[in-house]
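The residues making up each chain are set out below.
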Amino acid sequence: SMSSNETGQPGHPPTTAYAWSVGKKQRRSYTSKTLIKALNAVMNDGLSIRICSGVYKIPERTLYRKAREARKQYCNTANQNLRAIQTQSPQLTVLNETEREWAK
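Residues numbered from 1 in each chain as written. Predicted model: local features only at pLDDT ≥ 70, side-chain atom pairs only at ≥ 80, totals over all residues. Heavy atoms only, no water.

Some remarks on the pattern of salt bridges
For step 1, the next point in the chain: Counting across every chain of the model gives 1 salt bridge.
For step 2, the next point in the chain: In this structure, the salt-bridge partner of Arg65 is Glu69, at a minimum N-O distance of 4.0 Å. Placement of both Arg65 and Glu69 in helix H3 (residues 60-88) is noted, with a separation of 4 residues, approximately one turn of the helix.
For step 3, the next point in the chain: Residue Arg65 is classed as partly exposed on the basis of its relative accessible area, which comes to 37%. (Salt bridge = Lys/Arg side-chain N within 4 Å of Asp/Glu carboxyl O. Helix = DSSP H or I, 4+ residues; strand = E, 2+ residues; numbered from the N terminus. Buried < 20%, exposed > 50% of the residue type's maximum accessible area, 1.4 Å probe, protein only.)

This is how it looks when you write it as structure tokens:
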């Protein structure tokens with residue numbers, strides 16, 4: 001007879017990244033807190049999305065998408081702040097010529 005799992009390998013639980021619900025609809029098996037932790041690891045600690053996906057049990061595509069959105073949001077905020085500084089004191093150029101070339 002087979003062991004408690006369906007894979008037939010003793011001592012290995014069936015690996016599923018998702019918690020499945022009735023009706024073949026995918027339900028996420030991670031909390032928003034976990035997602036934030038994973039994103040933090042990717043954005044600030046330089047961990048790869050592939051590794052974080054495995055560690056935090058979040059699909060890679062989800063992490064890619066969220067990281068992209070977070071980056072976009074961060075850049076928009078940074079640019080807004082920069083514009084605010086420059087309009088307050090126009091004589092202050094925050095970037096020198098070389099940096100401006102790199103920013104393009």
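Re the nonpolar core
For step 1, the next point in the chain: With 11 residues, the main nonpolar core is built from Tyr30, Leu35, Ala38, Leu39, Ala41, Val42, Ile49, Cys52, Ile58, Leu63 and Ala67.
For step 2, the next point in the chain: Counting only elements with at least two residues in this core, the list comes to helix H1 (32-43), helix H2 (49-56) and H3.
For step 3, the next point in the chain: A per-element tally of this core places H1 first, with 5 residues.
For step 4, the next point in the chain: In this view, Tyr30 contacts Leu35, Tyr56, Lys57, Ile58, Pro59 and Thr62; residues no more than four positions away in its chain are not counted. (Core = buried A, V, L, I, M, F, W, Y, C linked by side-chain atoms within 4.5 Å. Contact = heavy atoms within 4.5 Å.)

Some points on unusual backbone geometry
For step 1, the next point in the chain: The phi dihedral of Lys57 is positive, around 55°, even though this residue is not glycine.
For step 2, the next point in the chain: Tracing the backbone shows Lys57 in the loop between H2 and H3.

Considering H3
For step 1, the next point in the chain: Look at H3: 42 Å from first C-alpha to last across 29 residues, which is about the 42 Å you get at 1.5 Å a residue.
For step 2, the next point in the chain: Every buried residue belonging to H3 is among Thr62, Leu63 and Ala67, and all of these are buried.
For step 3, the next point in the chain: Each element contacted by the buried residues of H3 is listed here: H1 and H2. (Expected span 1.5 Å × (residues − 1).)

Digging into the side chain of Ser53
For step 1, the next point in the chain: In this structure, Ser53 sits in helix H2.
For step 2, the next point in the chain: Within polar-contact distance, the side chain of Ser53 engages the backbone oxygen of Ile58 at 2.8 Å.
For step 3, the next point in the chain: Other than its neighbours up to four places away in sequence, Ser53 contacts Ile58, Pro59, Glu60 and Leu63. (Polar contact = N/O pair within 3.5 Å; in protein donor to acceptor, adjacent residues only side chain to side chain.)

Focus on a nonpolar patch on the surface
For step 1, the next point in the chain: A cluster of nonpolar side chains, namely Leu47, Ile51 and Val55, defines an oily patch on the protein surface of about 260 Å² accessible area.
For step 2, the next point in the chain: Classification of Leu47 as partly exposed rests on a relative accessible area of 35%. (Patch = residues over 30% accessible without salt bridge, like charges linked within 9 Å, V, L, I, M, F, W, Y side chains within 5 Å. Areas by Shrake-Rupley, 256 points an atom, 1.4 Å probe, with all protein chains shown as cover.)

Quick look at the environment of Arg68
For step 1, the next point in the chain: Tracing the backbone shows Arg68 in helix H3.
For step 2, the next point in the chain: With relative accessibility at 52%, the residue Arg68 sits in the exposed group.

What about the packing of H2 against H3?
For step 1, the next point in the chain: Between H2 and H3, whose axes approach to 9 Å, the crossing angle comes to 120°. In this view, H2 runs oblique relative to H3, as classed from their interaxial angle. Crossing of H2 against H3: the hand is right-handed. On H3, the residues that touch Ile49, Arg50, Cys52 and Ser53 of H2 are Glu60, Leu63, Tyr64 and Ala67.
For step 2, the next point in the chain: For the contact of H2 with H3, a count of residues per class yields 5 nonpolar, 1 polar and 2 charged. (Axes fitted to C-alpha atoms, helices over the stretch in contact; angles between N-to-C directions. Parallel < 35°, antiparallel > 145°, perpendicular 65-115°, else oblique. Left-handed = near helix turned anticlockwise from the far one by under 90°. Nonpolar A, V, L, I, M, F, W, Y, C, P; charged D, E, K, R; others polar.)

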